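Structural overview for review
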Amino acid sequence: MNYTEKLPTEDEHTEYKKAQKAFPKDAWESISAFENTDGGLIILGITEDSNHNFHISGVLDSQAICDEFWAAINNNMVSNHNFTNEDIKTVTVEGKTIIEITVHEAEDKFKPVYVKRDIHQTFVRNGTTDHKADSDTIKLLMRASSNSLDTEVIKNYGIDDLEISDINQYREKLQARESYQLYERFSLEDFLTRIGVLTKDYARDGRLGVTVGGLLFFGKNNAILHTFPNFQLDYYDKRSLQQERWSKRISSIEDNLNIFSFYKKTDDALMATIENRFELNDQGERIDTFGSMHVALREGLINMLMHADYSGETPVILNNTTNYFEFINPGKMKIPSKDFFTTSKTSTRNPIISKLFIQIGIGERAGHGGEKIYECALINKFKFPEINTDLTHTTLKIWKVDLANSFSGKQITDRERLVLKALVSQSHSLTHKELENITHLSRSITSTTIANLLQKDLIKRYGKTKSTKYGIQPTTEQVLAQAQTIPDLVRSILNIHADH
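As a starting point, this report considers the structure included with it. (Residues numbered from 1 in each chain as written. Predicted model: local features only at pLDDT ≥ 70, side-chain atom pairs only at ≥ 80, totals over all residues. Heavy atoms only, no water.)

1. Remarks on the overall build of the protein chain
The number of helices and strands found in the protein chain is 17 helices and 21 strands. Across the 500 residues of the protein chain, 49% fall into the buried class. The contacts in the protein chain between residues at least 6 apart in sequence include a share of 63% that link residues at least 24 apart. Of the accessible surface of the protein chain, which amounts to about 25300 Å², a share of 47% is contributed by carbon and sulfur atoms. (Helix = DSSP H or I, 4+ residues; strand = E, 2+ residues; numbered from the N terminus. Buried < 20%, exposed > 50% of the residue type's maximum accessible area, 1.4 Å probe, protein only. Contact = heavy atoms within 4.5 Å. Areas by Shrake-Rupley, 256 points an atom, 1.4 Å probe, with all protein chains shown as cover.)

What follows is the structure, given as structure tokens:
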């Protein structure tokens, strides 16, 4: 943080404390909240005035306060921590000392993180404040800590609670794969046991029963709702602006669907909406862009269904809008969102559901789905995908337009769209003169348009005076994905920052 400028206000990742003489007791609530959400920075030695502006007041004895902090940590003041010496820093500004404490988000398996050995002293971060978690939030954090939500056997459920027609269709797909052809010899019960739908109830009487994942995947809808009353899967086609809400809906409630039957119907509906586009490369060869979008949407759909917290209170929703596909599922991501488009690491809260998809060749066991989604945007020159997650939801957007057209319906003028398209079309930042040449706008109009886009925070300025260039500011996720996917794009990003 730059302490020579006006201090920014507190936000979901920043907390100020006065802490002049001692480590503040309420800072432990902030530590719990940051560990249970997205991490954050606590700065000791900052005072808020009557106008809600923040000023450096400093601490009197930084060593004593740090010693107090470490003593409490070592005495288990919070149920979990991963602090290192590098996370606690003292900074001197104009003769005053402040203390920066970097709090990292806890691994899911250690949540909820609470204070004073009391699970009821669990806190979460909402905006600029720390809130004591209610019982539902604590349960949510505990579910998020599990990597096997769907392996439990549900008492009193049997094969008669499953949709046999769905099982037969699944079995045909599975047995069509060479490594599973021997499955045709098995009885229905043996088959379902092999694929994880049935298993022994190891926690109770050892009898064979239906797993949570098996019920959600193949169950009759009424049987699912008996145990999961909030189970709801919805696909909405909202592309037609003439429709008040949607032109087509696929709903588990209206159509009595389970995960497998919803997947089949929705996958067909998605494929029917993709424009069969292609481009020519430098050698005049046809590039199939339809196939890349097909793969990206299937990965988005599977990711949504595999990783949903079906004990949550909100539905699983896929929106097909004019400009993008939006996948929403209850539950926080099991890996950091910044890694989604780049990593081969994967973690799931529903291993049975994941296994059922992967066995028939749908979904990526190695976790490359995010990379394929990102590659689709590169191939089609679309706006890059976005993923956001919090304690309750995960939302993935896969765009079907370029960046400039993604602002359709927003306050973007035709001239501003021209400049945005010019910047998107290049793999590097552009000078004022280059923008003039590409857009055919006059120098004065180009200057005004650039100023407006800078004010709207849609573009960034790099460099000064004659070396000034303009470009689209990539997110951390995009920089990382570009670095792994296309080396040329990495070089262009490095050049942008070199210009800065």
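2. Re the sheet that holds strand 18 (residues 386-389)
In a beta sheet, neighbouring strands are held together by backbone hydrogen bonds and run either parallel or antiparallel to one another. With mixed pairing, the six strands of this open sheet are ordered in space as 13-12-16-17-19-18. Bordering the open sheet on either side are strand 13 (248-251) and strand 18, each of which pairs with just one other strand. Within the sheet, the average angular offset between the axes of one strand and its neighbour, ignoring direction, is 10 degrees. Sheet contacts for helix 9 (residues 259-273): strand 12 (233-237), strand 13, strand 16 (316-320) and strand 17 (324-330); angle to strand 12, the most-contacted strand, approximately 15 degrees. (Pairing = 2+ DSSP bridges. Axes fitted to C-alpha atoms, helices over the stretch in contact; angles between N-to-C directions.)

3. Digging into the pairing of strand 18
Here strand 18 shows a buried face lined by Ile387 and Thr389 and an unburied face lined by Glu386 and Asn388. Across four bridges, strand 18 lies against strand 19 (residues 393-399) in antiparallel orientation. Its bridge partner lying in strand 19, Asn388 is registered against Thr395.

4. What to know about the packing of helix 4 (residues 164-175) against helix 9
Contact pair helix 4 / helix 9: the axes reach a minimum separation of 10 Å and the direction vectors enclose 65 degrees. Judged by the inter-axis angle, helix 4 sits roughly perpendicular to helix 9. Crossing hand, helix 4 versus helix 9: left-handed. When helix 4 is examined against helix 9, the residues Asp166, Gln169, Tyr170 and Lys173 are found in contact with a partner set consisting of Phe260, Ser261 and Lys264. Across the contact of helix 4 with helix 9, the residue classes break down as two nonpolar, two polar and three charged. (Parallel < 35°, antiparallel > 145°, perpendicular 65-115°, else oblique. Left-handed = near helix turned anticlockwise from the far one by under 90°. Nonpolar A, V, L, I, M, F, W, Y, C, P; charged D, E, K, R; others polar.)

5. Brief notes about helix 12 (residues 369-380)
Compared with the 16 Å implied by 1.5 Å per residue over twelve residues, the 17 Å span of helix 12 between its first and last C-alpha is a close match. Buried within helix 12 are the following residues: Gly369, Gly370, Glu371, Ile373, Tyr374, Cys376, Ala377, Leu378 and Asn380. Positioned one or two residues after helix 12, Lys381 has a phi angle of 60 degrees, which is positive. (Expected span 1.5 Å × (residues − 1).)

6. Structural notes on the nonpolar core
Ranked by internal contacts, the top residues of the largest apolar core, which has 71 residues, are Tyr170, Ile195, Phe218, Ile259, Leu305, Tyr310 and Phe357. Looking at which element gives the most residues to this core, the answer is helix 10 (residues 289-307), with eight residues. In this structure, Leu305 is in contact with Leu233, Ile259, Phe262, Tyr263, Tyr310, Val316, Ile353 and Phe357, ignoring residues within four places of it in sequence. In this structure, Trp28, Ile65, Phe83 and Val103 belong to the second largest nonpolar core, which totals 25 residues. (Core = buried A, V, L, I, M, F, W, Y, C linked by side-chain atoms within 4.5 Å.)

7. A short note on the packing of aromatic side chains
For the coordinates displayed, the defined rule picks out 21 aromatic pairs. Ring centres of Tyr16 and Phe54 lie 4.7 Å apart, and the angle between their planes is 55 degrees; on these two criteria the pair is classed as tilted. Of this pair, Tyr16 sits in strand 1 (residues 14-17) while Phe54 sits in strand 4 (residues 54-56), placing them 38 residues apart in sequence. Phe54 gets classed as buried once you look at its relative accessible area, which sits at 10%. The structure contains a cluster of three or more aromatic residues connected by ring pairs, namely Tyr170, Phe217, Phe218, Phe260, Tyr263 and Phe357. When the ring centre of Tyr324 is taken as reference, the NZ or CZ atom of Lys397 above it lies at 4.3 Å. The ring of Phe325 carries the charged tip of Lys400 above its face, separated from the ring centre by 4.3 Å. (Phe/Tyr/Trp six-rings, centres within 6.5 Å; stacked < 30°, edge-to-face > 60°. Lys NZ or Arg CZ within 6 Å of the ring centre and 35° of its normal.)

8. A short note on helix 9
With 15 residues, helix 9 ought to run about 21 Å at 1.5 Å a step, and its terminal C-alpha atoms sit 21 Å apart, in line with that. Within helix 9, twelve of the 15 residues are buried, which leaves it mostly tucked inside the rest of the structure. Buried within helix 9 we find Ile259, Phe260, Ser261, Phe262, Tyr263, Lys264, Thr266, Asp267, Ala269, Leu270, Met271 and Thr273. Backbone nitrogen of Phe260 and a side-chain oxygen of the N-cap are separated by 3.2 Å at the start of helix 9; the cap is Asn258. (Polar contact = N/O pair within 3.5 Å; in protein donor to acceptor, adjacent residues only side chain to side chain.)

9. Some remarks on unusual backbone geometry
The omega torsion of the bond from Lys111 to Pro112 falls at 0 degrees, within 30 degrees of zero and hence cis. Summarising the element assignment, Pro112 is placed in the loop between strand 6 (96-103) and strand 7 (123-126). The phi angle at Ala19 is positive, at roughly 45 degrees, despite the residue not being glycine. Summarising the element assignment, Ala19 is placed in the loop between strand 1 and helix 1 (27-36). Since its relative accessible area comes to 10%, Ala19 is described here as buried. One non-glycine residue, His52, lies in positive phi territory at about 65 degrees. Along the chain, His52 turns up in the loop between strand 3 (46-48) and strand 4. Accessibility expressed as a relative area gives 55% for His52, which makes it exposed.

In short, the description is geometric, and any link to function would need to be established separately.
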